[in-house]
Amino acid sequence: MSNEAGKSGVRLAVSAGFASVLVAGILVALKLWALAETGALSIAASLADSALDLMMSLGAATAIIYAARPADEDHAFGHTSAEDLAALAQSAFILASSGVIGWSAIRRLMADTPPQLASEGRGLLVMVASILLTLGLVWWQGRVARRTGSKVVAADRLHYLGDLLPSLGAIAALWISSRYGIGSIDAVVALGAAAVMVIGALHIGKDAWDALMDRTADPRIVEGIGKIAAAWPGVRGYHDLKTRTAGSRVFVNLHIELDGDQSLRQAHDIGAALRRAILAAYPQTDVIIHKDVHGRP
């Protein structure tokens, strides 16, 4: 990829990051107003989800910009672990929010006279608008992810796709309440949304914890790198293939075995070409290759 193409890709990824922050901010403002108008817990669940989106979008935009910084003297392997620390904080926020919403929903269901919702029509308009905004953002993020290969943008897009469910649930609750006067359906939808949020929080938290504990990369990535190394011209064998994850990056250490009678330049060229091939297949990796003489312990 040329330098100009690389800069263009960074600009596209940054534009997607800022678009995500802008949309999330608008959705939080709209849903705050809708919650005040309707008092619907299903909207509160969707609001908490949008607040999380805003936090994650800010983190994603920061990660895109921060990832462009080279490693420095104090951070020889870069700064990508900040993504994992942010993800742990986000998962704690989700768990707390889902707990509050879930408890409120249970209290409403157990109440002798569940509170009736108000201004359902206004709430419906806000939720429909939020879905349209989300769909527009997902479309743009998909284009950027395909053109740049950005894993951060792709992950953010998947998160927003998953957020459509709470919004649809809120619309259903508001419509049923308006049409049939069944206010309790709002609490049921809120409970379901809270359960989905808990599952998502645990998944995000586990991934972040694994990365901070230097967990190895996806076995498919490890296997793919091994296959590339084993089949590479001039490589007699490989060993000690080790990986670890940090944020969106995968750090790879690989020992390859080469003919000890060839020149240093030839050995260097084989290793450099293999490294480029691995980076082409897995752009999210940072690869270090060690060269050993074949047949020696």
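About the cut-offs
Residues numbered from 1 in each chain as written. Predicted model: local features only at pLDDT ≥ 70, side-chain atom pairs only at ≥ 80, totals over all residues. Heavy atoms only, no water. Axes fitted to C-alpha atoms, helices over the stretch in contact; angles between N-to-C directions. Helix = DSSP H or I, 4+ residues; strand = E, 2+ residues; numbered from the N terminus. Left-handed = near helix turned anticlockwise from the far one by under 90°. Contact = heavy atoms within 4.5 Å. Nonpolar A, V, L, I, M, F, W, Y, C, P; charged D, E, K, R; others polar. Phe/Tyr/Trp six-rings, centres within 6.5 Å; stacked < 30°, edge-to-face > 60°. Lys NZ or Arg CZ within 6 Å of the ring centre and 35° of its normal. Expected span 1.5 Å × (residues − 1). Buried < 20%, exposed > 50% of the residue type's maximum accessible area, 1.4 Å probe, protein only.

Trainee: So what's going on with the packing of helix α8 (residues 219-231) against helix α9 (residues 264-281)? Residues and values would help.
Mentor: Helix-helix packing: each pair is described by the crossing angle between the helix axes and the interaxial distance. Running from N to C, α8 and α9 cross one another at 150°; their axes reach a closest spacing of 10 Å. α8 and α9 meet at a crossing whose hand is right-handed. On α9, the residues touching I225, I228 and A229 of α8 are L274, A277, I278 and A281. For the contact of α8 with α9, a count of residues per class yields 7 nonpolar, no polar and no charged.

Trainee: Describe the packing of aromatic side chains, listing the residues and the values that go with them.
Mentor: Summed over the entire model, instances satisfying the criterion amount to 1 aromatic pair. Pairing W139 with W140 gives two aromatic rings, centres 6.4 Å apart and planes at 45°, and the pair type is tilted. Seen from the ring of F251, R244 lies directly overhead, with NZ or CZ sitting 4.6 Å from the centre.

Trainee: Describe in detail α8, supporting the description with residues and values.
Mentor: An ideal rise of 1.5 Å per residue puts 18 Å on 13 residues; α8 measures up with 18 Å between its terminal C-alpha atoms. Restricting attention to buried positions, one finds in α8 the residues I221, G224, I225, G226 and A229. The elements touched by buried residues of α8 are β1 (237-246), β2 (249-258) and α9.

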